[in-house]
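# Close look at the chain arrangement
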Number of protein chains: 2
Amino acid sequence: MDTLKNILARVSVRDYSDKEISDDEIRAILDAAMSGPTAVNARPWSFIVVKDKDTLAKMADANGKAAQLLKRAPLGILVCGDLDRAFRAAPDYWVIDGSIAAQNMILAANAMGIGSCWLGTWPQEEKMQAQAELFGLPESIVPHSIIAFGYPKAESTKQKLIYEEDRVHFERW
Amino acid sequence: MDTLKNILARVSVRDYSDKEISDDEIRAILDAAMSGPTAVNARPWSFIVVKDKDTLAKMADANGKAAQLLKRAPLGILVCGDLDRAFRAAPDYWVIDGSIAAQNMILAANAMGIGSCWLGTWPQEEKMQAQAELFGLPESIVPHSIIAFGYPKAESTKQKLIYEEDRVHFERW
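Thresholds, definitions, all that
- Residues numbered from 1 in each chain as written.
- Chains lettered and ligands numbered in written order.
- Predicted model: local features only at pLDDT ≥ 70, side-chain atom pairs only at ≥ 80, totals over all residues.
- Heavy atoms only, no water.
- Contact = heavy atoms within 4.5 Å.
- Buried area = accessible area lost by both parts, 1.4 Å probe.
- Salt bridge = Lys/Arg side-chain N within 4 Å of Asp/Glu carboxyl O.
- Polar contact = N/O pair within 3.5 Å; in protein donor to acceptor, adjacent residues only side chain to side chain.
- Helix = DSSP H or I, 4+ residues; strand = E, 2+ residues; numbered from the N terminus.
- Pairing = 2+ DSSP bridges.
- Axes fitted to C-alpha atoms, helices over the stretch in contact; angles between N-to-C directions.
- Buried < 20%, exposed > 50% of the residue type's maximum accessible area, 1.4 Å probe, protein only.
- Least-squares fit on C-alpha atoms with pLDDT ≥ 70 in both.
- Parallel < 35°, antiparallel > 145°, perpendicular 65-115°, else oblique.
- Left-handed = near helix turned anticlockwise from the far one by under 90°.
- Nonpolar A, V, L, I, M, F, W, Y, C, P; charged D, E, K, R; others polar.
- 1 Å grid on protein atoms, 1.4 Å probe; cavity = no way out; pocket = protein on both sides within 12 Å on 5 of 7 lines; lining within 4 Å.
- Points joined across faces, edges and corners; volume = space filled by probe spheres on them.
- Expected span 1.5 Å × (residues − 1).
- Disulfide = S-S within 2.5 Å.

With 66 residues of chain B at the interface, the matching set in chain A holds 66 residues. The contact between chain B and chain A buries some 5900 Å² in all, and 60% of this surface belongs to carbon and sulfur atoms. Interface area lost by chain B to chain A is led by Arg-167, Glu-171 and Trp-173 of chain B, which between them contribute 15%. At the surface where chain B touches chain A, the tally comes to four salt bridges. Between Glu-164 of chain B and Arg-43 of chain A there is a salt bridge, with the nearest N and O atoms lying 2.8 Å from each other. Where chain B meets chain A, there are 36 residue pairs in polar contact (both at pLDDT 80 or more). Contributing elements (two or more residues each) for the side of chain B that touches chain A: helix H1 (3-9), helix H2 (23-33), strand E1 (45-50), helix H4 (93-111), strand E3 (115-120), strand E4 (141-150) and strand E5 (168-170) of chain B. Looking at the side of chain B that touches chain A, the element that brings in the most residues is H4 of chain B, giving 10 residues. In this structure, strand E1 (residues 45-50) of chain A lies alongside E5 of chain B, joined through three bridges in parallel fashion. Each residue of the ladder has a partner; that of Ile-48 of chain A, found in E5 of chain B, is His-169 of chain B.

Here's what the structure looks like:
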């Protein structure tokens, strides 16, 4: 799918068909995740790929109300930061690097006809803690976001581009 | 350009030809920026689009050594967070939302043959402060990242996909 069209068409998809996501598709999604830029090329991330219904339900409950849709999704990927690999001079770049990886996954999925919904975890401490406990993460591995994936149940509504002139400043504030 | 190919091919481009970036191309880049998901659809960002050589040089100096390439770029866009619009329950989502906007810009540019380089500002306080002073930003507008754009001077080397097996965990940590 054409990149510009893809970016403009992406919507959050919250209802999924029963169609499974193949291992090749998962690999393409992870290839995309690992192809974004990272600060000083630190690549400070890890990914937990979950298809097990029981685990998806636990992830949903650990992440709160907006994450309940994970219970209907065939796939969830928890993006984590890896603080041991983070840029020592400014470790918090891991947040940006994780966001880039997640957005690349979403666009790659969309290109293959797979819908997704971004479920925020960082910066909400209680959600981060709950995911860390669920997976027994080491201290250095920090939950960033969960992306739910699935083929859309119905034809997705197209995103309506909202270009807001007042958000753009030319040459000066 | 095909999305998957685009994501896998993207590299940081640091040397730019003299070819100008058109207003239509800038608009397409900004359309992409405003088409990413944001937490609770808050869209907490603003963009400062700079082509003026003198201003680009000042942005470069305010952002340190790695940003000097802005002096050779025909275009720089400062992505800012807008805290007045941020999700009140967890305002720091603005960092993720700004990252998504920036990555969308980079991929949209790449699809048009325009190279780019991500120059980190957040979370480095001194860089954020320096950009805020340069542009006289209001308190609520927080510098996030600068993206330098330009047609590549030479054929870009292709990104070599580095898929790291040990970053991927299936079903459990």
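It is worth spelling out the sheet that holds strand E2 (residues 75-82) of chain B at this point. Within a sheet, neighbouring strands are paired by backbone hydrogen bonds and run either parallel or antiparallel to one another. If you walk across this open sheet you meet the five strands as E5(A)-E1(B)-E2(B)-E4(B)-E3(B), and the pairing is mixed. Each having just a single partner strand, strand E5 (168-170) of chain A together with E3 of chain B make up the two edges of the open sheet. If you compare each strand with its neighbour and ignore which way they point, the axes differ by 25° on average.

For the structure on display, the rule yields 20 salt bridges over all chains. With a closest N to O distance of 2.8 Å, Lys-71 of chain A and Asp-61 of chain A form a salt bridge. On the criterion of sequence distance, the pair formed by Lys-71 of chain A in the loop between helix H3 (53-63) and strand E2 (75-82) and Asp-61 of chain A in helix H3 is long-range, its members being 10 residues apart. Across the salt bridge formed by Lys-51 of chain B and Glu-20 of chain B, the nearest N and O atoms sit 3.3 Å from each other. Of the two residues, Lys-51 of chain B sits in the loop between E1 and helix H3 (53-63) while Glu-20 of chain B sits in the loop between H1 and H2, which places them 31 residues apart along the sequence. Taking relative accessible area as the criterion, Lys-51 of chain B reaches 26% and is therefore assigned partly exposed. Three or more residues are tied together by salt bridges with common partners; here these are Glu-20, Asp-23 and Lys-51 of chain A.

A few words on the relation of the copies chain B and chain A. After a rotation of 180° and a shift along the axis of 0.0 Å, chain B superposes on chain A with an RMSD of 0.0 Å. Taken together, the rotation angle and the small translation identify this as a two-fold axis. The share of interface residues of chain B whose copies in chain A are also at the interface is 100%, consistent with both copies meeting through the same surface.

With that settled, the discussion passes to the packing of H3 of chain B against helix H5 (residues 125-135) of chain B. Residue and element names in this part refer to chain B. Packing of H3 against H5 brings their axes to within 8 Å, and their N-to-C directions diverge by 155°. Accordingly, the angle class assigned to the pair H3 and H5 is roughly antiparallel. By crossing handedness, the relation of H3 to H5 is classed as right-handed. Along the contact surface, H3 presents Thr-55, Lys-58, Met-59, Ala-62 and Asn-63, while H5 presents Lys-127, Ala-130, Gln-131, Leu-134 and Phe-135. In the contact of H3 with H5, the residues fall into five nonpolar, three polar and two charged.

For the coordinates displayed, the defined rule picks out one cavity of 30 Å³ or more. The computed volume of the largest cavity comes to approximately 30 Å³. As for the largest cavity, its lining consists of Pro-37 of chain A together with Arg-10, Ser-12, Ile-106, Ser-116, Cys-117 and Trp-118 of chain B. When residues of the lining of the largest cavity are assigned to their parent elements, the largest contribution, three residues, is made by E3 of chain B. Looking at the lining of the largest cavity residue by residue, the classes come out as four nonpolar, two polar and one charged.

Residue and element names in this part refer to chain A. Its 19 residues give helix H4 (residues 93-111) an end-to-end C-alpha distance of 27 Å, which sits within 8% of 27 Å, the value for a rise of 1.5 Å per residue. For H4, a buried count of 18 out of 19 residues is recorded, marking the element as mostly surrounded by other parts of the structure. Following H4 by one or two positions, Gly-113 has its phi on the positive side, about 85°.

Bringing the state of the cysteines into the picture now. Residues and elements named next belong to chain A. On inspection of all chains with the given rule, the structure shows zero disulfides over all chains. Lacking any disulfide linkage, Cys-80 is separated from the closest cysteine sulfur, that of Cys-117, by 18 Å. By relative accessible area, which is 1% here, Cys-80 ends up buried.

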